[in-house]
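Observations on chain architecture
Each chain is listed here by its residues.
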Amino acid sequence: MMQTPDPDDPCAGNPDCQQALAEIYGYLDGELTVERRTIIRTHLDLCSPCGDRYTFETELRQVVSMRCQESVPDALKNRIAEAIRQEMQG
Ligand SMILES: [Zn+2]
């Protein structure tokens, strides 16, 4: 495991950040237990890069749901999810 801090991405070597980001979608979808949600919420409040990521995800979902109120094609959802995943991986 590489734990060298990256000045451009302070979350890169932080296991708390990795976990928070990995669970952001579950958090947004309300799939986590209350206990997990509290842990993620606390981290998002304390860690501004992760908080920014969360804000971005929230806004993206709002845009998608406003533009595609009837139904979002799975292909589009998958493309967006894939783009986000690639961005998260740098
Ligand atoms: Zn973080």
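Right above here is the structure, for reference.
Description of the structure in this document. (Residues numbered from 1 in each chain as written. Predicted model: local features only at pLDDT ≥ 70, side-chain atom pairs only at ≥ 80, totals over all residues.)

1. Quick notes on the overall build of the chain
What counts here: Runs of H or I in DSSP of at least four residues are treated as helices and runs of E of at least two as strands, each being numbered from the N terminus. Whether a residue is buried, exposed or partly exposed is read from the other C-beta atoms within 10 Å of its own C-beta, which are placed from the backbone; 20 or more gives buried, 12 or fewer gives exposed, and intermediate counts give partly exposed. Each residue gets a C-beta atom placed from its backbone, and two residues are in contact if those atoms lie within 7 Å.
Helices and strands together make up the secondary structure of the chain, namely 5 helices and 0 strands. Mapped in sequence order, the helices and strands of the chain form the string α-α-α-α-α. Looking at the chain as a whole, 9% of its 90 residues are labelled buried. Relative to all contacts within the chain whose residues are 6 or more apart in sequence, the contacts with residues 24 or more apart total 43%.

2. Some details on the packing of helix α3 (residues 34–46) against helix α4 (residues 48–67)
Which entries qualify depends on this criterion: For helices, the fitted axis covers only the stretch in contact; all axes are lines through C-alpha atoms, and the angles between them, taken along N-to-C directions, range from 0 to 180 degrees. Roughly parallel refers to an angle under 35 degrees, roughly antiparallel to one over 145, roughly perpendicular to one between 65 and 115, and oblique to any angle outside these ranges. Lys, Arg, Asp and Glu make up the charged group, whereas Ala, Val, Leu, Ile, Met, Phe, Trp, Tyr, Cys and Pro make up the nonpolar group; the residues left over, Gly among them, are polar.
The geometry of α3 relative to α4 is characterised by a closest axis approach of 5 Å and an angle of 110 degrees between their N-to-C directions. Considered as vectors, α3 and α4 are oriented roughly perpendicular to each other. Counting all contacts with α3, which are made through His43, Leu44 and Asp45, the residues of α4 involved are Cys50, Gly51 and Tyr54. Across the contact of α3 with α4, the residue classes break down as 3 nonpolar, 2 polar and 1 charged.

3. Here we look at the environment of Ile84
Within the secondary structure, Ile84 sits in helix α5 (residues 74–88). Judged by the 16 C-beta atoms lying within 10 Å of it, Ile84 is partly exposed. Through-space distance from the C-alpha of Ile84 to that of Glu57 is 8.8 Å; in sequence the pair is 27 residues apart.

4. Overview of the nonpolar core
Test applied: A set of buried Ala, Val, Leu, Ile, Met, Phe, Trp, Tyr and Cys residues, joined to one another through C-beta atoms within 7 Å, is what we call a nonpolar core.
Core analysis: the biggest nonpolar cluster contains 7 residues, these being Ala20, Leu21, Ile24, Ile40, Leu44, Cys50 and Tyr54. Mapped onto this core, the elements with two or more residues apiece are α1 (15–22), α3 and α4. Apart from the residues lying within four places of it in its own chain, the contact partners of Leu21 are Cys11, Cys50, Arg53 and Met88.

5. What to know about α4
Applied cut-off: Multiplying 1.5 Å by the helix residue count minus one yields the expected span of that helix. This arc is taken over the directions from the axis of the helix to the C-beta atoms.
A rise of 1.5 Å per residue sets the reference length of α4, with its 20 residues, at 28 Å; its end C-alpha atoms lie 28 Å apart and thus fit the reference within 8%. Restricting attention to buried positions, one finds in α4 the residues Cys50, Arg53 and Tyr54. Down the axis, α4 shows its buried residues gathered within 100 degrees of arc, on one side only. Set apart from the buried face of α4 by more than 90 degrees, the exposed residues are Ser48, Asp52, Thr55, Glu59, Gln62, Val63, Met66 and Arg67.

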